[in-house]
Amino acid sequence: MSRRDRERPGKQGPASPVTVTVCRGCCCGTEQKHPGIDHAGQYDRLRTAVGDAGRVRAVKCLDTCAHSNVVVVGPSSEGRAAGGRPVWLGWVLADDMIEEIAEWVQAGGPGLADPPGMLDLQQIAVSRRVREGLSG
């Protein structure tokens, strides 16, 4: 049974895991904007490091190109119940940042654990228009 299918104690419906959304659109994840970065390799390493602790997905554009590469770490259902909200991270280019994101997901993510290492310095603020325009 997948983690998503498990029932939350005392709640109706399946629990949702921490979700890591990786921008891979017009700027983020491109060789043109960030030459020399192995974007596909970073994405694969992130998926492997997160493992079953969360879900990693790529989207075309998060509309925050000035901060590329952008990653959003969304709380699990338990993290949201504890007050966690999605955390937007900008300039995610170094492998140690990928490792810290995975470490945070493994620890429970927003609402359940503080971001490790220097991730708090990567947090960016986005407009409500951008936040509300995203699906999921």
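Anything mentioned here points back to the structure above.
Conventions and cut-offs
Residues numbered from 1 in each chain as written. Predicted model: local features only at pLDDT ≥ 70, side-chain atom pairs only at ≥ 80, totals over all residues. Heavy atoms only, no water. Axes fitted to C-alpha atoms, helices over the stretch in contact; angles between N-to-C directions. Helix = DSSP H or I, 4+ residues; strand = E, 2+ residues; numbered from the N terminus. Parallel < 35°, antiparallel > 145°, perpendicular 65-115°, else oblique. Left-handed = near helix turned anticlockwise from the far one by under 90°. Contact = heavy atoms within 4.5 Å. Pairing = 2+ DSSP bridges. Buried < 20%, exposed > 50% of the residue type's maximum accessible area, 1.4 Å probe, protein only. Core = buried A, V, L, I, M, F, W, Y, C linked by side-chain atoms within 4.5 Å.

A.B. asks: I would appreciate a short explanation of the packing of helix α1 (residues 39–50) against helix α3 (residues 95–107) in the present structure.
C.D. replies: The description of two helices packed together rests on the angle between their axes and the distance between the axes. Across the interface, α1 lies against α3 with an axial gap of 9 Å and an inter-helix angle of 25 degrees. Overall, the two elements α1 and α3 adopt an arrangement that is roughly parallel. Regarding α1 and α3, the two cross each other, and that crossing is right-handed. In this structure, α1 contributes Gln42, Arg45, Leu46, Ala49 and Val50 to the contact, and α3 contributes Asp95, Ile98, Ile101, Ala102, Val105 and Gln106.

A.B. asks: Honestly, the sheet that holds strand β3 (residues 71–74) in this entry has me stumped. Any pointers?
C.D. replies: Two pairing modes exist for strands in a sheet, parallel and antiparallel, and in both the strands are linked by backbone hydrogen bonds. Taken in spatial order, the four strands line up as β2-β1-β3-β4 in an open sheet, and their pairing is mixed. Each edge of the sheet is formed by a strand with only one pairing partner; in this case those strands are β2 (54–59) and β4 (87–89). If you compare each strand with its neighbour and ignore which way they point, the axes differ by 20 degrees on average. Relative to β2, strand β1 (residues 18–23) runs parallel, the two sharing six bridges. What sits directly across from Val18, in β2, is Gly54. Sheet strands in contact with α1 are β1 and β2, and its direction is about 160 degrees off that of β2.

A.B. asks: Explain the environment of Cys28 here, please?
C.D. replies: Along the chain, Cys28 turns up in the loop between β1 and α1. Counting along the chain gives 40 residues from Cys28 to Ser68, while the straight-line C-alpha distance between them is 4.9 Å. Every residue in contact with Cys28, bar those within four places of it in the chain, is listed here: Cys23, Ser68, Asn69 and Val70.

A.B. asks: For this particular structure, what's the right way to read the side chain of Gln42?
C.D. replies: Along the chain, Gln42 turns up in helix α1. Gln42 gets classed as buried once you look at its relative accessible area, which sits at 3%. Beyond its immediate chain neighbours, meaning those up to four positions away, Gln42 contacts Arg24, Ile37, Asn69, Val92, Leu93, Ala94, Asp95 and Ile98.

A.B. asks: Where do I start with the nonpolar core in this structure?
C.D. replies: Buried together is how nonpolar side chains tend to be arranged in soluble globular proteins. With 21 residues, the main nonpolar core has Val20, Leu46, Val73 and Ile101 as its most contacted residues. When contributions to this core are tallied by element, the ones reaching two or more residues are β1, α1, β3, β4 and α3. No other element matches the six residues that α3 contributes to this core. Contacts of Val20, omitting those with residues within four sequence positions, involve Leu46, Arg55, Val56, Arg57, Val71, Val72, Ile101 and Val105. Counting eight residues, the second largest nonpolar core, distinct from the first, contains Cys23, Cys28, Leu62 and Val72.

A.B. asks: I'm lost on unusual backbone geometry in this one. Help?
C.D. replies: Trans is the prevailing form of peptide bonds, just as negative phi is the prevailing case for residues other than glycine. Residues Ser68 and Asn69 are joined by a peptide bond in cis, for which omega reads 5 degrees. Tracing the backbone through its elements, the reader meets Asn69 in the loop between β2 and β3. Look at Asp63: it is not a glycine, yet its phi comes out positive at around 60 degrees. Secondary-structure assignment places Asp63 in the loop between β2 and β3. On the basis of relative accessibility, which here comes to 42%, the residue Asp63 falls in the partly exposed class.

A.B. asks: In this structure, what is going on with the environment of Val126? I would like to understand it.
C.D. replies: As for its position among the elements, Val126 is in the loop between α3 and α4 (128–132). Remark: the alpha-carbon pair of Val126 and Leu62, spanning 64 residues in sequence, is separated by 9.8 Å.

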